[in-house]
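Breakdown of the fold
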Amino acid sequence: MREVGTVDRLENNFAVVKVDKKDECSKCGMCLFPQGANSIEFVAENKIGADVGDRVIIEKGENGKLQGALLVFLVPLLLIGLSVILGLYVIKWELSVLILSGSLIILWYIILSIIDKKLKYLNSFKSVIVEILKEQ
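What you see is a predicted model; the values in this text were computed from it and never measured. (Residues numbered from 1 in each chain as written. Predicted model: local features only at pLDDT ≥ 70, side-chain atom pairs only at ≥ 80, totals over all residues. Heavy atoms only, no water.)

Within the closed barrel, the 5 strands sit side by side as 1-2-3-5-4. Their pairing is mixed. When the angles between neighbouring strand axes are averaged without regard to direction, this sheet yields 55°. Sheet topology places strand 3 (residues 39–45) next to strand 5 (residues 127–132); 2 bridges connect them, and they run parallel. Among the inter-strand pairings, alanine 44 is bridged to a residue of strand 5, identified as serine 127. (Pairing = 2+ DSSP bridges. Helix = DSSP H or I, 4+ residues; strand = E, 2+ residues; numbered from the N terminus. Axes fitted to C-alpha atoms, helices over the stretch in contact; angles between N-to-C directions.)

Rendered as structure tokens:
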């Protein structure tokens, strides 16, 4: 994925890049833009030395999308399967499946929200500034 944005601020070797919402984004609804937001911020590795105010192209790897989807969707499904096995075969009480499923999923999303701040700096999840656009 390639996006054009403006460097908003610098943080060590990273830049916070603000990307404006495109017209086609209002029709899709599958992107990261919160309801009613006109822009979103990406943390991008700044190897090429972009400064605050520069228009840049950022690139995000495709592997990060797949790994993110696995963390958000597959792990909760596995936790539900685990709670079915524990609830029906170990505890032998059907209501425990519901209680375990809900508890494990809530716990997973709490863990995910905590580690999310660290994940964006890993290679497969981070965005990289690949080009500084010249003013015309």
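There is more to say, and it comes next.
The side chains of a regular strand alternate between the sheet's two faces. Direction of pairing for strand 1 (residues 2–11) relative to strand 4 (residues 55–60): antiparallel, over a ladder of 5 bridges. Looking at the pairing, glutamate 3 lines up with isoleucine 58 of strand 4. As paired elements, strand 4 and strand 5 share 5 bridges and run antiparallel to each other. Considered in strand 5, the bridge of valine 56 is made with isoleucine 132.

Before going further, it helps to spend a moment on unusual backbone geometry. One non-glycine residue, asparagine 12, lies in the positive phi region at around 55°. The residue asparagine 12 is located in the loop between strand 1 and strand 2 (14–20) in this model. Even without a glycine there, the phi angle at lysine 92 is positive, about 60°. Position of lysine 92 relative to the elements: it lies in the loop between helix 2 (62–91) and helix 3 (94–119).

What follows deals with the confidence of the model for the chain. This prediction gives the chain a mean pLDDT of 84; 83% of its residues lie at or above 70. Within the chain, strand 1 carries the highest mean pLDDT (91), whereas helix 1 (residues 25–28) carries the lowest (60). (pLDDT = per-residue confidence, 0-100.)

Before going further, it helps to examine the pairing of strand 3. Most of strand 3 is tucked away: 5 of the 7 residues are buried. Bridging between strand 2 and strand 3 involves 7 bridges; their strand directions are antiparallel. Across the sheet, the residue bridging to lysine 18 is glutamate 41, located in strand 3. (Buried < 20%, exposed > 50% of the residue type's maximum accessible area, 1.4 Å probe, protein only.)

What follows covers a nonpolar patch on the surface. Together, Leu82, Ile85, Leu86, Leu88, Tyr89, Val90, Ile91, Trp93, Leu95, Leu98 and Ile99 make up an exposed nonpolar region whose accessible area comes to about 1100 Å². Contributing elements (two or more residues each) for the nonpolar patch: helix 2 and helix 3. With 7 residues, helix 2 is the largest single contributor of residues to the nonpolar patch. When you line up the elements, leucine 86 lands in helix 2. The partly exposed category is assigned to leucine 86, whose relative accessible area is 31%. (Patch = residues over 30% accessible without salt bridge, like charges linked within 9 Å, V, L, I, M, F, W, Y side chains within 5 Å. Areas by Shrake-Rupley, 256 points an atom, 1.4 Å probe, with all protein chains shown as cover. Salt bridge = Lys/Arg side-chain N within 4 Å of Asp/Glu carboxyl O.)

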